[in-house]
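Next come the chains, spelled out residue by residue.
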Amino acid sequence: MLVNDPNLRRTKRPDTIAQIGTFLRERFSLEEDKDDQAGVVLSISRGIEFRGINLWTLIFAIFIASIGLNVNSTAVIIGAMLISPLMGPIMGIGLGVGINDLAMILQSLKNLSLAVVISLITSTVYFLISPLHIAQSELLARTSPTVWDAFIAFFGGLAGIVAGSRREKITNVIPGVAIATALMPPICTAGYGLSIGNIYYFAGAFYLFLINSVCISLATFLIVRFLDYHQKEYPTPEVERRVRHTIWVAVLIVVVPSTYLGYQIVRKTIFEQSAKRFIANECNFQFRQVIKYDAHFNRKQSRLELMLVGEPLPKDSINLLTSKMVAYGLDDAKLVVRQGSFKDATVDVDAITTSVTDQVVRYNQASIAVKDQTIDSLRRYIDQTQSERLPIADLRDELKTLMPDVRTFTAARSLVMSGNSTKPDTVMLVYARFSRRHTAAERKRIEKWLQTRTKSKRIKLLIE
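Conventions adopted
Residues numbered from 1 in each chain as written. Predicted model: local features only at pLDDT ≥ 70, side-chain atom pairs only at ≥ 80, totals over all residues. Heavy atoms only, no water. Salt bridge = Lys/Arg side-chain N within 4 Å of Asp/Glu carboxyl O. Helix = DSSP H or I, 4+ residues; strand = E, 2+ residues; numbered from the N terminus. Buried < 20%, exposed > 50% of the residue type's maximum accessible area, 1.4 Å probe, protein only. Phe/Tyr/Trp six-rings, centres within 6.5 Å; stacked < 30°, edge-to-face > 60°. Core = buried A, V, L, I, M, F, W, Y, C linked by side-chain atoms within 4.5 Å. Contact = heavy atoms within 4.5 Å. 1 Å grid on protein atoms, 1.4 Å probe; cavity = no way out; pocket = protein on both sides within 12 Å on 5 of 7 lines; lining within 4 Å. Points joined across faces, edges and corners; volume = space filled by probe spheres on them.

Q: An account of the pattern of salt bridges is requested, with residue identities and associated values reported.
A: Taken as a whole and judged by the stated rule, the model has 10 salt bridges. Here Arg-436 and Asp-405 are joined by a salt bridge, their closest N and O atoms 3.3 Å apart. Taken together, the residues Arg-436 in the loop between strand E5 (425-434) and helix H16 (440-454) and Asp-405 in the loop between helix H15 (392-402) and strand E4 (406-416) connect sequence positions 31 residues apart. Overall, Arg-436 belongs to the partly exposed group, its relative accessible area being 39%. One continuous salt-bridge network, built from bridges that share partners, spans Arg-303, Glu-305 and Arg-338.

Q: Please give an account of the packing of aromatic side chains that cites residues and values.
A: Applying the stated rule across the entire model yields nine aromatic pairs. An angle of 50° between the planes, with centres 6.2 Å apart, marks the rings of Phe-271 and Phe-297 as tilted. Of this pair, Phe-271 sits in helix H12 (residues 237-282) while Phe-297 sits in the loop between strand E1 (288-296) and strand E2 (303-310), and the two are 26 residues apart along the sequence. According to the relative accessible area criterion, Phe-271 is buried, its value standing at 8%. On the basis of relative accessibility, which here comes to 22%, the residue Phe-297 falls in the partly exposed class. Consider the rings of Phe-278 and Tyr-328, whose centres lie 5.6 Å apart with planes at 80°: the pair is edge-to-face. With Phe-278 in helix H12 and Tyr-328 in the loop between helix H13 (315-324) and strand E3 (334-339), this pair connects stretches of sequence that are 50 residues apart. For Phe-278, a relative accessible area of 0% gives the class buried. On the basis of relative accessible area, Tyr-328 is assigned to the buried category, the value being 11%. Ring pairing ties together the aromatic residues Tyr-126, Phe-127, Tyr-192 and Tyr-201, which thus form one cluster.

Q: I'd like a description of the nonpolar core, backed by residues and values.
A: By size, the foremost hydrophobic cluster in this structure holds 60 residues, and its most contacted members are Leu-86, Leu-95 and Met-184. When residues of this core are assigned to their parent elements, the largest contribution, 11 residues, is made by helix H11 (residues 199-226). Setting aside chain neighbours within four positions, we find Leu-86 in contact with Phe-50, Leu-58, Ala-115, Leu-183, Met-184 and Phe-209. Of all hydrophobic cores here, the second largest spans 19 residues; its members include Val-290, Leu-308, Ile-318 and Val-337.

Q: Could you give an account of empty space enclosed by the protein, naming the residues involved and the relevant values?
A: Scanning the entire structure with this criterion turns up one cavity of 30 Å³ or more. By volume, the largest cavity is sized at about 60 Å³. What lines the largest cavity is simply Met-81, Ser-84, Leu-86, Met-87, Ala-178, Thr-181, Leu-183 and Met-184.

Honestly, that's just the spatial picture; any functional story needs more than this.
Shown next as structure tokens:
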């Protein structure tokens, strides 16, 4: 039975919306299985203090991470991050700010400072005595922080404090947070920068560590406030104001520079991708080859350098290439073409040798493929020609029956070029010699017989 009462339909719709709202609240609620405040505070407080086992564990983890960075081993670095106890005082700062516990804030700051100093000393000593001094990719990756590092640390901190606030701890969350937020590699990279006297490596890596620390503390603070933990009273309003201002300053120090660096990295990535597409689509030259290209990004003016071998590229062609760069978003970049001379550039000989070798191999493979295609085409043409070869002897005997006075006869398919056309025409060329002259009607008769017999529409008949 169908119900068409509009009033009944209007009353059902709010009930459905309310049910959906209730379902979503139950699914996303953090109140279920929430540990009591005292349990969470006690759990985090245990990891704040750096003495005894915690301190020695930190030193060992620093050595492991430094070795992993030194030999470029991702697995070793991940192991060090799982061992590291650095998360304790960082989350302690966020918890202390969230519940207005000034003693916890000061204790966490003191222990975090101690951990940072010991970590820097340990990693610097290791890199000073290590025989390997080349900056591997794992090291270099920690010297250029961006806003994405802030996002990773923030969401990792959210996951860590949410998991830590449950009665039944989710055992795989905290190790995952330790790996994602990556507190150990930046502080070890900062030690590497100190050991080689590179202030840029030190500043970039230490700033990344600062980003991770502030974002984890901020995430902890937000979840603690969201869960409505009981807040203590600050000793004076002045202390409360000073803490609040410190939090905002720390957030601004993290967000503003990292956002700018992230924006520049996005610009650099877009520039390099556009340069790659430009090289692939527009730099397929004849009689010359691009053996190497470098896309140098710069905030003011980027530069795209091409290294060519072969015949020199004319100035007009270079200008044409420059005009085509606009379509790829490279209108602000400068095009530099180096042709056969490396006097004005510092050249990586091994890289160029490898590049030239690869180009030669690809060129030879392409040449062989073209030759194979040509051979196959000629073979097919020969097979087709043989299959279409005219039976001259049979044609002569049949023509002799039709015209007994024939003496000599031959026929072949030929290409004929006219004076106005650029393409040849295929005709059947027939030569015949008779003992007497034939009338026009007899010639017409022979042509029609040839068209029918050879299945060729165009016949060129030469008679003597």
